[in-house]
Amino acid sequence: MTLDLETREQLVATIRRFVDERLLPAEAEVAESDSIPDLIVEEMKELGLFGLSIPEEFGGLGLTMSEEAALIFEIGRAAPAFRSLFATNVGIGSQGLVIDGTPEQKAQYLPRIASGELIGSFALTEPDVGSDAGAVRTTALRDGDSYILNGTKRYITNAPLAGLFTVMARTDPAQKGAQGVSAFAVEAGLPGLSTGRPEKKMGQQGAHVCDVIFENCRVPASALIGGVEGVGFKTAMKVLDKGRLHIAAACVGLAERIIDDMMDYAVTRKQFGKPIADFQMLQVMFADSRAEAYAARAMVEDAARRRDAGESVVTLASCAKMFASEMVGRVADRNVQVHGGAGYIREYRAEQLFRDARLFRIYEGTTQIQQGIIARTMAAEARARLGL
């Protein structure tokens, strides 16, 4: 249900205050401890952040893509670890169930995901399977009224905290490619399901990833999302455009925050008797950063509106994700340069945000994957115009 303008503005203002008053002051602590304080997690739950995209009938906010993007612009201003904690609940951790889940699966899991009681985690990537999602090797073989899962998933976000995994596994080993892949809602704690040690990462401290290992893990047949084999890959593809717009919005929010940090430093730091903000060579970096962030915001807002109107935005979402994630990397790099030696010192946050921004070019499909999607679509459209 679309929010009226006043309600939307109030919600955005509430999230903005939460970011300014609670998240930004906690960034250094999170980076140092590699953990988000429990009190902040509870406050995030109370604000409904874990259920942004889940229908109201299941306890979520039921936001449109445009509304979700407006909130993520704000949340994105804080260190990415905060958003990462609830992002899997908002994205594939819930949307596979929202779109293709059975009524029983929706009733069983969506209210608990929306409240944050359950942390969702999307288990697709494997040691030898990343961008080629149709090459999944983890197997799920039918055995009576159960499936037996075997395989290892790698770099799985929120896995150490997860209560529910959306697992992509091959139910038909003889069927190559995506057609043999199915999706399962697998609860944590089952015999044969274990997680590895959390990885030590370049950035985004406070957001945890690790391996998820299935060793003869027996799950009930009712865990098969939608109750149909062979459509798990299609389920994942249905929500990728939404996830990519979400990531693009987060990149915009982080870039806008970094630009503010950059300018605050530039107008107060003096060299040769004047603020470095007056130096023309630095002004080029300021202007490029502002223009690129504005362009990325406009792309996200346009694609989100089109998605809400029922248009297919597969290509537009890839464009937005590609541009925004590359853009925030450039902005973060310029920020370090503007800070000079201080940009390499943790106290100023420039180096932490530089490392945090790097991951955006990798997950939800690397830049190269987005380029491939865009280029293939362009070629198909050209062939259609020419009748080829």
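Figured I'd write up the structure that's included with this text. Everything quoted here is computed from the prediction, not taken from an experiment. (Residues numbered from 1 in each chain as written. Predicted model: local features only at pLDDT ≥ 70, side-chain atom pairs only at ≥ 80, totals over all residues. Heavy atoms only, no water.)

**Some words on the pattern of salt bridges**
Evaluated as defined, the whole model comprises 24 salt bridges. Where R16 meets E74, a salt bridge forms, and the shortest distance between an N and an O atom there is 3.1 Å. On the criterion of sequence distance, the pair formed by R16 in helix 1 (residues 5–33) and E74 in helix 3 (residues 65–75) is long-range, its members being 58 residues apart. Exposure remark for R16: the relative accessible area of 36% places this residue in the partly exposed category. We note a salt bridge from R218 to D143, for which the minimum N-O separation is 2.9 Å. Taken together, the residues R218 in strand 7 (residues 209–220) and D143 in strand 2 (residues 139–143) connect sequence positions 75 residues apart. The class of R218 is partly exposed, set by a relative accessible area of 42%. The network of salt bridges with common partners includes R16, D20, E74 and R77. (Salt bridge = Lys/Arg side-chain N within 4 Å of Asp/Glu carboxyl O. Helix = DSSP H or I, 4+ residues; strand = E, 2+ residues; numbered from the N terminus. Buried < 20%, exposed > 50% of the residue type's maximum accessible area, 1.4 Å probe, protein only.)

**Here we look at unusual backbone geometry**
Positive phi is not limited to glycine here, since D34 has a value of about 60°. Overall, D34 belongs to the partly exposed group, its relative accessible area being 29%. Even without being glycine, Q204 reaches a positive phi, approximately 55°. With respect to the helices, strands and loops of the structure, Q204 is situated in the loop between strand 6 (193–195) and strand 7.

**Examining the nonpolar core**
F82, F86 and V338 are the most contacted members of the largest nonpolar core, which has 69 residues in total. Elements that contribute at least two residues to this core include exactly helix 1, helix 2 (38–46), helix 3, helix 4 (80–90), helix 7 (232–268), helix 8 (280–308), helix 9 (314–339) and helix 10 (350–358). Element by element, the count of residues in this core is highest for helix 7, at 14 residues. Beyond its immediate chain neighbours, meaning those up to four positions away, F82 contacts L23, A26, E27, V30, I36, I40 and M44. (Core = buried A, V, L, I, M, F, W, Y, C linked by side-chain atoms within 4.5 Å. Contact = heavy atoms within 4.5 Å.)

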